[in-house]
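Each chain is listed here by its residues.
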2 protein chains.
Amino acid sequence: MWQLDNKQPIYVQIYEQIKLMILEKKYEENQKLPSKRALADSLKVSPMTVDVAYQQLMAEGYIYSKPKSGYYVEMDLDTFIPVKTVSIQDIDMKKPVKTYPYAFKTNVVDTALFPYATWSKLTRTVLLDYQKALLNESDPQGLYELRLEIAKYLDIHRGISIDPSQIIIGSGSTSLMTLLVELLGRDKHFAIENPSYQKNHQLYKGQNVALSLIGLDGSGMDIRELNRKNIDVIHITPSHQFPTGVVMPISRRIELLNWANQTDRYIIEDDYDSEFRYSGKPIPALTGLNQDKIIYMNTFTKTLAPSFRMNYMVLPKDLLKHYRNHLTHHSCTVPLLDQYVLYLFMKQGSFDRHINKMKKRYKQKVDLITDILSLYPFIKIKHFDAGLHGIIEVKTKKMPDCMKAFEMAGIDIKSMDDFYLDYPRKSVELVLGYAGIPIESLEKNIKMLAETIKKHCS
Amino acid sequence: MWQLDNKQPIYVQIYEQIKLMILEKKYEENQKLPSKRALADSLKVSPMTVDVAYQQLMAEGYIYSKPKSGYYVEMDLDTFIPVKTVSIQDIDMKKPVKTYPYAFKTNVVDTALFPYATWSKLTRTVLLDYQKALLNESDPQGLYELRLEIAKYLDIHRGISIDPSQIIIGSGSTSLMTLLVELLGRDKHFAIENPSYQKNHQLYKGQNVALSLIGLDGSGMDIRELNRKNIDVIHITPSHQFPTGVVMPISRRIELLNWANQTDRYIIEDDYDSEFRYSGKPIPALTGLNQDKIIYMNTFTKTLAPSFRMNYMVLPKDLLKHYRNHLTHHSCTVPLLDQYVLYLFMKQGSFDRHINKMKKRYKQKVDLITDILSLYPFIKIKHFDAGLHGIIEVKTKKMPDCMKAFEMAGIDIKSMDDFYLDYPRKSVELVLGYAGIPIESLEKNIKMLAETIKKHCS
């Protein structure tokens, strides 16, 4: 019965073979095993080797020992009923992702100018200078030093003056929004803009909370529609509505703040790309007007890159109090190493410099795009003055043909209709993300798009 | 009325001052603003500067322009009702954390042997060699190359043979468990072990799902109690129950697998510290016996450090299918840079070497602890053969006095009672975490603990 080779330690082979025989009921319950010496002699191994195998079988509960008697097979071992196995082939495996030669995506950034060398140098510094601090459990809200830098940044660039203790750092908006739903309460009625970022819709749905879609008028979330429904929390993008690009005017901001000025009503201000405005200064955050009713959220996804997985939110003080008392068991989801590196990156001014560099690059791209598209009279350019995408309106009555033509030509671009969360509106607008297209090939991409529109849509 | 200084650009000051007057209703609705030239002349600035300020006010909706007439204050601006402000002092701010000279914590690791230089070198390599791949959005399940290394590791060390496509990487168990609750369904009835890791209890509670606590007998989760309740999903730690240290014998494993062998029942196997066993080989994972009913979870928290925030789970194939069809909008929460570094760290064998080094170090600690404690006849040593903590049982009838004496002596150690999630059991067991105590000061710590027990508990 014994088949020993030299691929594994002998004790493991003895252990495995006895284990299998017990599981397959080839040994009876309470059957006595050969003594360690007898088995060792017959296998020509040391009794020590057999002992290690028997100890392992004991630890896992396959056998038991009787003092001065020997080792016995465990009794009361249920028959093990194997479950039918699903084959990996049966699964609808990852759909092959079609790659398009002309891709106008909105969830990417320009990666050409990323300061790899600086990031590498700072990582080395952190691994040398912060060794002990680096490896133990961190503050659930994130590294204090990084929160201090973020607070300074918000004060200078977003007109928001807060205490670093109000900031919670998290890896991606999902982590933070999941925490926020728990903090605000699963009994709350949430509302998001329509059209909107689809992932936010899926996220609230996945949290199983009451969710309404509120349409937009020219100024942002429709206040009359909001007032008709019994909403507790709204999630909005006032500085640069996603995807329409509309800036919420001060009149609507005041209306929404006055709406929120009721017990237990809150506004989530999603300030996802406000760093990038190409004329004048950035639109001030809504949170600057009233910190007690607004949860401010921002991300390093657009300023650094999506793969950095660093986001943060600023809690109003009453929510902070509730968080401190009930939710600090949620550990911070961002590795401390990355937090230290970003802290130094911000502290030494590299972050500000990087944003300025990126702003210049995106401005170049916007100028190039608008220059080219202005030559096509049936294309109207809208909201290219901020963020990493713009809207183009096509004078056409054949939008479905137009979308088919894009697909045929290898152009990946979304229609505004793709962002309506209930039903499409027969929109003639396209959402043009340009950040991910290298500046060298932008002209070719834009011309391809415009010529396809010219040929198939007008 | 104009107060200009040189602390900010002039256009920002003009913009800020007009904005404030509009908000404070010092301008009337529809009031005409001075022409750009008139204002520029009176302020002795260029008309261009005034134009930038007016454009910014327009963009934010404070003013509007009438062609060939000029700029006017926006009408219909609601009165802005400021909300009463909570002072940051009113908040129950972070409680000052008491530090203990003798701390037997279970959520820390030994940081003395971490390969900082290797990690730093690999980070540099990744930032040089994977630049483009590094910055764009990653696979929602995590880097494929890293999942391949994890699959190899599970095959060799945990007896689990799976496809890398079944693995999902996440930052911390919270992210993964939150996703898992959504995947399994919020209508499911979950059960956890009692006593257990408190954070898991808080996590399921926060997800608002039905949750039962199931007591342990000598073999792990009590199967009779489980059968009496209508449970769908159990979360267990079979290789090394936390905190009792019990290894689940094969008999109970088979009973639980047979329990799970029903439609829609699942077992979550939390294999949090199985890498560390100091005699024989690691206890095989339950998942090795049946992959179709078990969600396997593991973490790099214990093998690297808590601050790395890298965990993973292995989905059974039917759950993987459901995940692929419905939940891939959850982006991976771990930064891609960290995933690439860990991938190389595993691939080049550094991870295996690090575990072996740590195992030796922890074995030294265990030997030292058991040597010292065996000199104290009223202390019984239990379950120090695996993981990063052990149990000591104190022969005493004065446990509350004992706990007070620890506090007085500056000893931070938890009683088993601290891990019971319903009510304390008047346990005489202490949970002794030793990983975080440097080897140089371990003897002093253990002697202090034993002497305090000798003086106050026996």
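Please refer to the structure placed before this passage.
Residues numbered from 1 in each chain as written. Chains lettered and ligands numbered in written order. Predicted model: local features only at pLDDT ≥ 70, side-chain atom pairs only at ≥ 80, totals over all residues. Heavy atoms only, no water.

S.K.: For this particular structure, what's the right way to read the state of the cysteines?
M.R.: The bond known as a disulfide is covalent and runs between the sulfur atoms of two cysteines. This model, assessed by the stated rule, comprises 2 disulfides over all chains. Cys402(B) shares a disulfide with Cys457(B); S-S distance 2.0 Å. Since a negative S-S torsion denotes a left-handed disulfide, the Cys402(B)-Cys457(B) link at about 75° is right-handed. Residue Cys402(B) is found in helix α14 (residues 399-409), and its partner Cys457(B) is found in the segment after α15 (439-456); the two are separated by 55 residues along the sequence. Judged on exposure class, the residue Cys402(B) and its partner Cys457(B) are both buried. Residue Cys332(A) stays outside any disulfide, its sulfur separated by 15 Å from that of Cys332(B), the closest cysteine. When its relative accessible area of 2% is taken as the criterion, Cys332(A) is described as buried. (Disulfide = S-S within 2.5 Å. Helix = DSSP H or I, 4+ residues; strand = E, 2+ residues; numbered from the N terminus. Buried < 20%, exposed > 50% of the residue type's maximum accessible area, 1.4 Å probe, protein only.)

S.K.: For this particular structure, what's the right way to read a positive patch on the surface?
M.R.: Together, Lys121(A), Arg124(A), Lys121(B) and Arg124(B) give the surface a local cluster of positive charge. Within the element layout of this structure, Arg124(A) appears in helix α4 (residues 116-129). Among the residues examined, Arg124(A) registers a relative accessible area of 33% and is labelled partly exposed. (Patch = residues over 30% accessible without salt bridge, like charges linked within 9 Å, V, L, I, M, F, W, Y side chains within 5 Å. Areas by Shrake-Rupley, 256 points an atom, 1.4 Å probe, with all protein chains shown as cover. Salt bridge = Lys/Arg side-chain N within 4 Å of Asp/Glu carboxyl O. Lys, Arg positive; Asp, Glu negative; His and termini not counted. Charge placed at Lys NZ, Arg CZ, Asp CG, Glu CD.)

S.K.: Where do I start with the pairing of strand β10 (residues 294-299) of chain A in this structure?
M.R.: Regular strands show a simple pattern: their side chains alternate between the two faces of the sheet. Residue and element names in this part refer to chain A. In terms of burial, β10 is largely enclosed, as 6 of its 6 residues are buried. Sheet analysis places strand β9 (residues 266-270) next to β10, joined by 4 bridges and oriented parallel. Within β10, the residue paired with Asp270 across the bridge is Met297. Of the pairings in the sheet, the one linking β10 to strand β11 (residues 311-314) comprises 4 bridges and is antiparallel in character. Bridging across to β11, Asn298 finds its partner in Tyr312. (Pairing = 2+ DSSP bridges.)

S.K.: Which parts of the structure should I look at to understand the interface of chain B and chain A?
M.R.: A common way to report how large an interface is uses the accessible area buried once the components associate. Opposite the 105 residues of chain B that make contact, chain A presents 104 residues. With both chains or domains summed, chain B and chain A bury close to 9100 Å², and 57% of this area falls on carbon and sulfur atoms. Summed over the shared surface of chain B and chain A, the number is 0 salt bridges. At the boundary of chain B and chain A, one finds 21 residue pairs in polar contact (both at pLDDT 80 or more). Residue classes in the side of chain B that touches chain A are distributed as 43 nonpolar, 33 polar and 29 charged. (Contact = heavy atoms within 4.5 Å. Buried area = accessible area lost by both parts, 1.4 Å probe. Polar contact = N/O pair within 3.5 Å; in protein donor to acceptor, adjacent residues only side chain to side chain. Nonpolar A, V, L, I, M, F, W, Y, C, P; charged D, E, K, R; others polar.)

S.K.: Quick question: what am I supposed to make of helix α2 (residues 36-43) of chain B here?
M.R.: Within an α-helix, residues lying three or four positions from one another point in the same direction, as the helix has 3.6 residues per turn. All names here are of chain B. Among the residues of α2, those classed as buried are Leu39, Ala40 and Leu43. Each buried residue of α2 lies within a common arc of 100° when the element is viewed along its axis, so the set occupies one face. Exposed residues lying more than 90 degrees from the buried face of α2 are Arg37 and Asp41. Looking at the buried residues of α2, the elements they touch are α1 (10-23) and α3 (47-59). Immediately beyond the C-terminal end of α2, within one or two residues, lies Lys44, with a positive phi of roughly 55°. (Arc of directions from axis to C-beta.)

S.K.: Even after reading the chapter, I still don't get the sheet that holds strand β16 (residues 429-433) of chain A, so can you show me in this structure?
M.R.: Pairing between sheet strands relies on hydrogen bonds along the backbone, with the strands arranged either parallel or antiparallel. Residue and element names in this part refer to chain A. Spatial strand order, β12-β13-β16-β15: 4 strands in an open sheet with antiparallel pairing. The open sheet has two edge strands, β12 (379-382) and β15 (414-415), and neither has a second partner. Packed on one face of the sheet, helix α13 (residues 350-373) meets β12, β13 (389-394) and β16 and runs near 155° to β12. Helix α14 (residues 399-409) contacts β15 and β16 of the sheet and is inclined by roughly 30° relative to β16. (Axes fitted to C-alpha atoms, helices over the stretch in contact; angles between N-to-C directions.)

S.K.: What am I meant to see in the relation of the copies chain B and chain A here?
M.R.: Superposition of the two copies of the chain requires a rotation about an axis and a shift along the axis. Between chain B and chain A, the superposition needs a rotation of 180° and an axial shift of 0.0 Å, giving an RMSD of 0.1 Å. The two molecules are tied by a two-fold rotation axis, judged by turn and shift. Scanning chain B for the C-alpha nearest the rotation axis identifies Ser175(B), at a separation of 3.4 Å. With an isologous cut-off of 70% or more, the 99% of interface residues of chain B that recur at the interface of chain A puts this contact in the isologous class. (Least-squares fit on C-alpha atoms with pLDDT ≥ 70 in both.)

S.K.: I'm lost on a negative patch on the surface in this one. Help?
M.R.: A surface patch of negative charge is lined by Glu28(A), Glu29(A), Asp76(A) and Asp78(A). Looking at the secondary structure, you find Glu28(A) in the loop between α1 (10-23) and α2 (36-43).

S.K.: Looking at this structure, I do not really get the nonpolar core. What am I missing?
M.R.: Nonpolar side chains in soluble globular proteins tend to end up buried together. Core analysis: the biggest nonpolar cluster contains 148 residues, and Trp119(A), Leu432(A), Ile453(A), Trp119(B), Leu432(B) and Ile453(B) have the highest contact counts within it. In this view, Ile453(B) contacts Phe378(B), Ile379(B), Ile392(B), Val394(B), Phe406(B), Leu430(B) and Ser458(B); residues no more than four positions away in its chain are not counted. (Core = buried A, V, L, I, M, F, W, Y, C linked by side-chain atoms within 4.5 Å.)

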